[in-house]
Amino acid sequence: GQNIDQPTEMTATEGAIVQINCTYQTSGFNGLFWYQQHAGEAPTFLSYNVLDGLEEKGRFSSFLSRSKGYSYLLLKELQMKDSASYLCAVRAPGYQGGKLIFGQGTELSVKP
Amino acid sequence: GAGVSQSPSNKVTEKGKDVELRCDPISGHTALYWYRQSLGQGLEFLIYFQGNSAPDKSGLPSDRFSAERTGGSVSTLTIQRTQQEDSAVYLCASRGGQRGEQFFGPGTRLTVL
C-alpha cells in the first residue's frame, strides 16, 4: 500500500526554526516533493529530493533518507507569511505516470 | 496566461446533477493531472494524461467520474449524478520544470447540496 505520514499541526514562533517531518512507505519511489499551500490557494512547489541528503534554497531546506523512508522540511527565520499547510508528496515511478502521492499535510501556525 | 487555469472557481449543484470542470494547462506541458482535496484531507490522485498515451484512470473513485483531454491541451473532468460526498476542491496540475514538478491551478470548489 501507499502511506505517507506527517504531523497534522505545528506551532512555532516568528524568527524561530521549525522542522516538519514526513515518513513514507510506497510501492515505488521517484523523488519526494514539498509543497506549500495557503488557505484557499493552489499548492506551490517548494523543494525536490531524489538522492539522499540536504537540499538548501534560501530559508527552506529539505532532507531525504531513502533507506529510512524519511524526509524533513526545515524552515528558518520564520515569518508570519509562512503560516500555511505543508504537503509532502512522493512521486510514483515513471511507468505510473509520475503521479504524486500526498500526505495529509501539516498545518503550520507562526505566532508573533 | 502563464499558469494553470481552472473554471469555474466555484460550483454549487444539486445531488443527482452532472457537472463539468475545466482545466487549461501551462502551454507546452504535455502531462496533465487531476486531484481532489476534501476538507481536512490530503490531495487524492484521480487521473493522468500524457501526450497521446492512454490516460491513467486508476484514481477515479467510481464510474460516475470521467475526464478527457482534447488536442493535448484543455481537459474536462465530468462527474455524473453527483453525490454529497463528491463535495471537494478539484485541482488540476501540469508537469514541467527541471525536476518535473507539477504546477497546480487554483482549483474548483464543488459543493453538492
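Rules and cut-offs
Residues numbered from 1 in each chain as written. Chains lettered and ligands numbered in written order. Predicted model: local features only at pLDDT ≥ 70, side-chain atom pairs only at ≥ 80, totals over all residues. Heavy atoms only, no water. Salt bridge = Lys/Arg side-chain N within 4 Å of Asp/Glu carboxyl O. Buried < 20%, exposed > 50% of the residue type's maximum accessible area, 1.4 Å probe, protein only. Contact = heavy atoms within 4.5 Å. Helix = DSSP H or I, 4+ residues; strand = E, 2+ residues; numbered from the N terminus. Nonpolar A, V, L, I, M, F, W, Y, C, P; charged D, E, K, R; others polar. Pairing = 2+ DSSP bridges. Disulfide = S-S within 2.5 Å.

### Some remarks on the pattern of salt bridges
Residues and elements named next belong to chain B.
- Per the counting criterion, the structure on display carries 6 salt bridges over all chains.
- Here Glu44 ties to Arg36 by a salt bridge, and the two come within 3.1 Å at their closest N and O atoms.
- The class for Glu44 is partly exposed, based on a relative accessible area of 32%.

### Here we look at the interface of chain A and chain B
- If you look at the interface, chain A gives 17 residues, while chain B gives 20 residues.
- Connecting chain A to chain B are 0 salt bridges.
- Sorting the residues of the side of chain A that touches chain B by element identifies β4 (32–37), β5 (44–49), β9 (84–91) and β10 (100–102) of chain A as the ones contributing at least two each.
- The leading source of residues in the side of chain A that touches chain B is β4(A), at 3 residues.
- Here the residues of the side of chain A that touches chain B are counted per class, giving 9 nonpolar, 6 polar and 2 charged.

### As for the pairing of strand β8 (residues 88–95) of chain B
Residue and element names in this part refer to chain B.
- A large share of β8 lies buried, amounting to 7 of its 8 residues.
- Sheet topology places strand β4 (residues 31–37) next to β8; 7 bridges connect them, and they run antiparallel. Note on β8: the bridge partner recorded for Trp34 is Cys92.
- Both β8 and strand β10 (residues 108–112) contribute to a ladder of 3 bridges, which runs antiparallel. Bridge pairing in β10 links Tyr90 to Thr108.
- Both β8 and strand β9 (residues 102–104) contribute to a ladder of 3 bridges, which runs antiparallel. Bridge pairing in β9 links Arg95 to Gln102.
- In this antiparallel pair of consecutive strands, β8 and β9, the connection spans 6 residues, and Gly97 shows a positive phi of 80°.

### Some remarks on the state of the cysteines
- Counted by the stated rule, this structure contains 2 disulfides over all chains.
- Each sulfur in the disulfide pair A:Cys22 and A:Cys88 lies 2.0 Å from the other. The S-S bond linking A:Cys22 to A:Cys88 shows a torsion near -70°; that makes this disulfide left-handed. In this pair, A:Cys22 is assigned in strand β3 (residues 18–25) and A:Cys88 in strand β9, connecting sequence segments 66 residues apart.
- Residue class for A:Cys88 comes out buried when judged on its relative accessible area of 0%.
- A sulfur-sulfur distance of 1.9 Å marks the disulfide that ties B:Cys23 to B:Cys92. An S-S torsion of about -65° defines the bridge between B:Cys23 and B:Cys92 as left-handed. Within this pair, whereas B:Cys23 is found in strand β3 (residues 19–24), its partner B:Cys92 is found in strand β8, the two being separated by 69 residues in sequence.

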